[in-house]
Amino acid sequence: MLGCLSGARVRCWLTLASGLLECLCFAGTVFGWASLMFVLKTEGYFSNLCVNATGSNGTHYTGDVKTLPSSPTDCSGQDERFSLVFTIASFMNNFLTLPNGFLFDRFGTMVARLLGISLYTTGTLLIALSHPETSLLLFPALCFIAVGGILLLVTNMQVGNLFGTHRSTIITLYNGAFDSSSIVFLIVKVLSEGGISLHYSFFFLSTCSVIHLMRTFILMPKKHIPYPLPEGYTYGMTCGHARPHIVDQARKEENKGPLQGEGGTETMTFQLMSNKQTPQTVSFRQSVLSWFFLWHLVWLSVMQLRHYLFIGTLNPMLNRLTAGDPVLVSRYTNAFAITQLCGVLCAPWNGLIMDRHKGRKRAPGETEEEADLRSAVLSLFLTALQCLLFSICATTPVLSLQYLSFALQVLNRSFLYGGNAAFISIAFPTSHFGKLYGLMMALSAVVSLLQYPCFSLVKGVFDGDPLYINVALTLLSLCAFIHPLYVCIHCRRLASQRRSSTKQLANGGSSSSINREALQDAVDSS
């Protein structure tokens, strides 16, 4: 696989390291919501929704000190409002990835990053300037932080194109760093307990946007990083490319299958092509209408819904399991946030699973893209299995078992989002990556909206007991196993067609007619 020229290697590695730090410290902070919610409750946000037995406001605040009333207090309304904040923010985080993907594909890295930085800074400033009387500012603030963070992630994932043989590993590494960035809100919580105001912490996060701007103008490309990299590619703001005939010659010498243009890659979406189509002409519409897209959407959506509901209801769940002990709730909240830091350590395991075939000898006639797809089967299966185990632990109402739930949750999240991005980059043309990634996240976001009615059912119909909802979500997570099964069957079908073509060639058959027959079989099977 072609890579950076020797003179640009330092710049490539510096971009990789700084991007990892950016994702780790900023991109996915919204998923540290459990820690931030603890601080916001202490500060008195939405405290007017707490009522005592007489129906009046049940929680009073003097400065930063909470005073509990003498009569029992019901804060389910406050919990529900916080859940709604996270539901909307997580929805916007995914849903707006669709227009952001089109923006990234159309206008390039610099425009996308400037938009993301602007949104992120606005969100942190809104929280820094908010107070309990303006609690409603949390709705736009969390949305801006979520959308700005995902834009930083999307623009960073293309850095994996600079390291061809480790591309999936780097994509998953960045997604793991995205998950681990939830630790930032734990730091905010610890600082708040140490006497440093919530507002000062968010003012500091706002000033860090200067770093993002410097990285945008100094290290990142103005447009895109192509995949695969052309011969003689120079990495920087203005990226240079070799002449087309040199690039084609380099591809032939590498003997890695059919030639691929800069804007796209030959993928298994050829199952949708007509006989006159080539890998470079696979349209966005054909990609979206493929079975790969459908089952991958199901795979992502059911597991994401499980994670979002767990994060959004963690605080009330811990309150229920600890009988309202604030010390225990704080301890488990900290434990959950600390485990999130391990996401950056877990995610590369998934990338290594997907890249494990690199450098190995492939079967006769097998392309690099087919090998990539075959290696993705194990990753997809393990991710679904992790989600099932996590859901079972989260469903069991045993407080100490939640430590295992936390560990499985961060492992599964790192596999889920890293594997999602890596699979899209493998199974579909690179020229549509931003749009397909955005559409996938947007559609899964619509499914994730179910977390709020689920939370309302728990609070209303089931009187705060999440057991039945958790059981239902555990059964729903079984649907995620359909995707790896389908990809596995598809890969076996391709291998069978390849062996059949080889036998016909050995018997003197026409190569072109064999290729047309194999292609038509693939179209029929789709």
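About the criteria used
- Residues numbered from 1 in each chain as written.
- Predicted model: local features only at pLDDT ≥ 70, side-chain atom pairs only at ≥ 80, totals over all residues.
- Heavy atoms only, no water.
- Helix = DSSP H or I, 4+ residues; strand = E, 2+ residues; numbered from the N terminus.
- Buried < 20%, exposed > 50% of the residue type's maximum accessible area, 1.4 Å probe, protein only.
- Contact = heavy atoms within 4.5 Å.
- Areas by Shrake-Rupley, 256 points an atom, 1.4 Å probe, with all protein chains shown as cover.
- Core = buried A, V, L, I, M, F, W, Y, C linked by side-chain atoms within 4.5 Å.
- Expected span 1.5 Å × (residues − 1).
- Axes fitted to C-alpha atoms, helices over the stretch in contact; angles between N-to-C directions.
- Parallel < 35°, antiparallel > 145°, perpendicular 65-115°, else oblique.
- Left-handed = near helix turned anticlockwise from the far one by under 90°.
- Nonpolar A, V, L, I, M, F, W, Y, C, P; charged D, E, K, R; others polar.
- Phe/Tyr/Trp six-rings, centres within 6.5 Å; stacked < 30°, edge-to-face > 60°.
- Lys NZ or Arg CZ within 6 Å of the ring centre and 35° of its normal.
- pLDDT = per-residue confidence, 0-100.
- Polar contact = N/O pair within 3.5 Å; in protein donor to acceptor, adjacent residues only side chain to side chain.

A. Up close: the overall build of the chain. Tallying secondary structure elements over the chain gives 23 helices and four strands in all. In the chain, which comprises 526 residues, the share counted as buried stands at 56%. Across the chain, every contact between residues at least 6 apart in sequence was considered, and the portion connecting residues at least 24 apart equals 78%. Looking at the chain as shown, the accessible area adds up to about 21,000 Å², and 67% of this sits on carbon and sulfur atoms.

B. A look at the nonpolar core. W33, L138, L142, F202, F423 and Y437 are the most contacted members of the largest nonpolar core, which has 107 residues in total. The greatest single-element share of this core, amounting to twelve residues, is contributed by helix α6 (residues 138-157). Those residues in contact with L142, other than ones at most four positions away along the chain, are V30, W33, L36, V85, A89 and I127. Among the nonpolar cores identified, the runner-up in size contains six residues, and L305, V458, I469 and L473 belong to it.

C. Region of the structure containing helix α1 (residues 9-27). In this model α1 runs 25 Å from its N-terminal to its C-terminal C-alpha over 19 residues, within 8% of the 27 Å that 1.5 Å per residue would give. Elements that come into contact with the buried residues of α1 comprise α5 (109-129), α6, α7 (167-180), α9 (198-207) and α10 (209-218).

D. Broad picture of the packing of helix α16 (residues 343-354) against helix α18 (residues 402-427). Following both chains from N to C, one finds α16 and α18 inclined at 40°, their axes separated by 8 Å at the closest point. Here α18 runs oblique to α16, going by the angle between their axes. Of the two elements, α16 crosses α18, and the hand of that crossing is right-handed. Listed contacts from α18 to G343, C346, A347, W349, N350, I353 and M354 of α16 are V410, L411, S414, F415, G418, G419, A422, F423 and I426. Across the contact of α16 with α18, the residue classes break down as eleven nonpolar, five polar and no charged.

E. Main features of the packing of aromatic side chains. Taken as a whole and assessed by the stated rule, the structure comprises 23 aromatic pairs. Relative to F86, the ring of F31 has its centre 6.3 Å away and its plane inclined at 80°; by these criteria the two rings are edge-to-face. With F31 in the loop between α1 and α2 (33-43) and F86 in helix α3 (residues 76-95), this residue pair connects regions lying 55 residues apart in the sequence. F86 matches F31 in its accessibility class, with the two residues each being buried. Feature note: the residues F31, W33, F46, F82, F86, F139, F178 and Y308 constitute an aromatic cluster, connected by ring pairs. Sitting above the plane of the F107 ring, R106 keeps its charged end 5.0 Å from the centroid.

F. Summary view of the confidence of the model for the chain. The pLDDT averaged across the chain works out to 78; a share of 80% of its residues lies at or above 70. Across residues 60-69, where pLDDT falls below 50, the model places 15 contacts with residues more than four positions away in sequence or in other chains. For the stretch residues 511-520, pLDDT sits under 50, and the model shows 13 contacts to residues farther than four places along the chain or on other chains.

G. Highlighting the side chain of Q409. Looking at where Q409 falls in the secondary structure, it is placed in helix α18. For Q409, the side chain forms a polar contact with the side chain of H307, separated by 3.4 Å. Residues within four places of Q409 in sequence aside, it is in contact with H307, F310, I311, F336, Q340 and F390.

H. Examining the packing of helix α4 (residues 97-107) against α5 more closely. Close contact between α4 and α5 brings their axes to 7 Å; oriented N to C, the two are set at 140°. Across the interface between the two elements, N100, L103, F104 and F107 from α4 touch T109, V111, A112 and L115 from α5. Taken together, the residues of the contact of α4 with α5 sort by class into six nonpolar, two polar and no charged.

I. Looking closely at unusual backbone geometry. Look at F46: it is not a glycine, yet its phi comes out positive at around 60°. In this structure F46 comes out as buried when scored by relative accessible area, which is 3%.

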